[in-house]
Amino acid sequence: MSIHKEVKRVTAHTLQWMKQHGEKISMLTAYDYSMAGIFDDANIDVLLVGDSASNVMAGNETTLPITLDQMIYHASSVIRAISRCMVVVDLPFGSYQGNSKEALNSAIRIMKETGAHAIKLEGGEEVLESIKRIISAGVPVMGHLGLTPQSINKFGTYSVRAKEEAEAAALIKNAHLLEEAGCFSLVLEKIPATLGKQVAEELKIPVIGIGAGMHVDGQVLVMHDMLGITKDFSPRFLRRYLNLYEQIKEATEHYIADVKAKEFPNEQEQY
Ligand code: KIV
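Because the structure is a prediction, the values reported are computed rather than measured.

## Some words on helix α5 (residues 100-114)
Then, number 1: Taking 1.5 Å per residue as the helical rise, α5 with its 15 residues ought to reach 21 Å, and the 21 Å between its terminal C-alpha atoms agrees with that figure.
Then, number 2: What α5 keeps buried is the set S100, A103, L104, S106, A107, I110 and T114. End-on, the buried residues of α5 take up no more than an arc of 165°, which puts them together on one face.
Then, number 3: Its side-chain oxygen at 3.1 Å from the backbone nitrogen of K101, N99 defines the N-terminal cap of α5.
Then, number 4: Just beyond α5, the residue with positive phi is G115, at close to 80°.

So this is what it looks like as C-alpha cells:
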C-alpha cells in the first residue's frame, strides 16, 4: 500500500512530507460534486477547482470570462463531495490583478464561501505583494508559472514556455520569489523537462507539473483531458486514461435507439 492512503486529510504539510520522502503528488481538476466524490474515493491527493472550468464546463475559448461567483459555485460543489483530499481553488482573471486588497478580498471570499483549503493564482514578481498579503491572512497559496493561460492575450499562443535562456532564468527567479513569499507549492505548466527538474531540485516546496516532465514532485491534468471527454486537445504531455467521449456517445446512441424502438422501458422497468 502506498504511504499516502494512510493519510486521513491531505494538507500542505502532507504534500511537503511527500516531497521529502520522494512520494509523487497526484492532482486533478474537478468542478462538480459527482466527479469530485469519485476522485476523492480513488485517493487523489489534491483536487484543483481550476479556472479551466471556463473552457471545459462553460465552453469558452479562454479562461478569462469565468467569474469569482462562478468559481465559488464550482468549489462549493467539490467541497461537499470530499473527505480526504486537499482542495485548491483558482483565483479567476480580474479578481486579483488590480491590487493586493482586491486579491485578499477574493481569496477570503473563496475560503469563507466554499470551505476550500487553499487558493492558486498565476504569476511571479508582479503578484508577489498580493501573495504575501493573502498568506499573512492565513490562506495557503499555490503559485503557477510557465504557461499562464490568464495571460494568453499577452503571449498569443499556448506553446511551450521558457525554452530560451532569458525566460528560463526569469522563471527560476520567480519560483524562488514565490517560495520565499511563503507559497506552499508551485504549478509549472508546459515548460522543458530539464527546467522542471532544476526548479524542483532547487525549491524546498513541492513542484507540481502539467507538461513539465517527469522529475517534478507531482502531476496535474485537467479531468476532461485525462478521461478523454475532450477529443480535439492532444498536447504531447497528455495521457488519456479513458476514451469517454466515444463511450458516452455510443451509450447515448444506444439509449436513443432503444427509445425509438420502444425497447426502453421494458416490463420490469415500469410501475
Ligand atoms: O485551471 C486549470 O485547470 C489549471 C491547471 C492546468 C493547472 O490551472
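## A word on the nonpolar core
Then, number 1: Core analysis: the biggest nonpolar cluster contains 64 residues, and L47, V87, I134 and V199 have the highest contact counts within it.
Then, number 2: Looking at this core element by element, the count peaks at seven residues for helix α8 (residues 165-181).
Then, number 3: Discounting chain neighbours no more than four positions away, the residues touching V199 are L171, I172, A175, L186, L188 and V207.
Then, number 4: Ranked by size, the runner-up nonpolar core spans 16 residues in total, among them V46, I208, I210 and V220.

## Concerning the site of the ligand
Then, number 1: Close to the ligand lie T29, L48, G50, D51, S52, D90, K120, H144, E189, I210 and V222.
Then, number 2: At 2.5 Å, a side-chain N or O of S52 approaches an oxygen atom of the ligand.
Then, number 3: The protein chains hide 95% of the 260 Å² of surface that the ligand would expose on its own.
Then, number 4: With respect to the detected pockets, the ligand is housed in the second largest pocket.
Then, number 5: Split by residue class, the shell around the ligand holds three nonpolar, four polar and four charged.

## Description of the packing of α5 against helix α6 (residues 128-136)
The axes of two packed helices give the description: the angle between them and the distance between them.
Then, number 1: Between α5 and α6, the shortest axis-to-axis distance is 8 Å and the interhelical angle comes to 45°. Compared by their axis directions, α5 and α6 come out oblique. In this structure, α5 crosses over α6, and the sense of that crossing is right-handed. Between α5 and α6, the residues in contact are S100, K101, A103, L104 and A107 and E129, S130, R133 and I134, respectively.
Then, number 2: Here the residues of the contact of α5 with α6 sort into four nonpolar, two polar and three charged.

## Re the pattern of salt bridges
Then, number 1: Under the criterion given, the structure shown has nine salt bridges.
Then, number 2: Linking K197 and E201 is a salt bridge whose minimum nitrogen-to-oxygen distance equals 3.1 Å. Taken together, the residues K197 and E201, both in helix α9 (residues 193-202) and four residues apart, mark about one turn of the helix.
Then, number 3: In this structure, a network of salt bridges that share partners links the residues D69, R109 and E113.

## Some thoughts on the domain arrangement of the protein
Then, number 1: Assigned domains within the protein: domain 1 (3-240) and domain 2 (243-271).
Then, number 2: For domain 1 and domain 2, the distance between their C-alpha centroids amounts to 38 Å.

## Side note on the packing of aromatic side chains
Then, number 1: Per the stated rule, a full pass over the model turns up one aromatic pair.
Then, number 2: Just above the ring of F155 sits the side chain of R161; from NZ or CZ to the centre is 4.5 Å.

## Topic: unusual backbone geometry
Then, number 1: Cis geometry marks the peptide bond from F264 to P265, where omega comes out at -5°.
Then, number 2: Looking at the secondary structure, you find P265 in the segment after α11 (244-260).
Then, number 3: Not every positive phi belongs to a glycine, and A162 is a case in point at roughly 60°.
Then, number 4: If you trace the backbone, A162 turns up in the loop between α7 (152-155) and α8.
Then, number 5: In this structure A162 comes out as buried when scored by relative accessible area, which is 3%.

## Some thoughts on the sheet that holds strand β6 (residues 185-189)
Strand pairing in a sheet relies on backbone hydrogen bonds, with the paired strands running either antiparallel or parallel.
Then, number 1: Strand order in this closed barrel of eight strands is β1-β2-β3-β4-β5-β6-β7-β8, and the pairing throughout is parallel. Here the strands of the sheet are splayed against their neighbours by 25° on average, with no regard to which way each runs.
Then, number 2: Pairing between strand β4 (residues 118-120) and strand β5 (residues 141-146): two bridges, direction parallel. Opposite I119, over in β5, you have V141 as the bridge partner.
Then, number 3: Sheet strands in contact with α5 are β3 (86-90) and β4, and its direction is about 135° off that of β4.

About the cut-offs
Residues numbered from 1 in each chain as written. Predicted model: local features only at pLDDT ≥ 70, side-chain atom pairs only at ≥ 80, totals over all residues. Heavy atoms only, no water. Helix = DSSP H or I, 4+ residues; strand = E, 2+ residues; numbered from the N terminus. Expected span 1.5 Å × (residues − 1). Buried < 20%, exposed > 50% of the residue type's maximum accessible area, 1.4 Å probe, protein only. Arc of directions from axis to C-beta. Polar contact = N/O pair within 3.5 Å; in protein donor to acceptor, adjacent residues only side chain to side chain. Core = buried A, V, L, I, M, F, W, Y, C linked by side-chain atoms within 4.5 Å. Contact = heavy atoms within 4.5 Å. Near = heavy atom within 4 Å. Areas by Shrake-Rupley, 256 points an atom, 1.4 Å probe, with all protein chains shown as cover. 1 Å grid on protein atoms, 1.4 Å probe; cavity = no way out; pocket = protein on both sides within 12 Å on 5 of 7 lines; lining within 4 Å. Sits in = over half its atoms within 2 Å of the grid points. Nonpolar A, V, L, I, M, F, W, Y, C, P; charged D, E, K, R; others polar. Axes fitted to C-alpha atoms, helices over the stretch in contact; angles between N-to-C directions. Parallel < 35°, antiparallel > 145°, perpendicular 65-115°, else oblique. Left-handed = near helix turned anticlockwise from the far one by under 90°. Salt bridge = Lys/Arg side-chain N within 4 Å of Asp/Glu carboxyl O. Domains from an automatic or database assignment. Phe/Tyr/Trp six-rings, centres within 6.5 Å; stacked < 30°, edge-to-face > 60°. Lys NZ or Arg CZ within 6 Å of the ring centre and 35° of its normal. Pairing = 2+ DSSP bridges.

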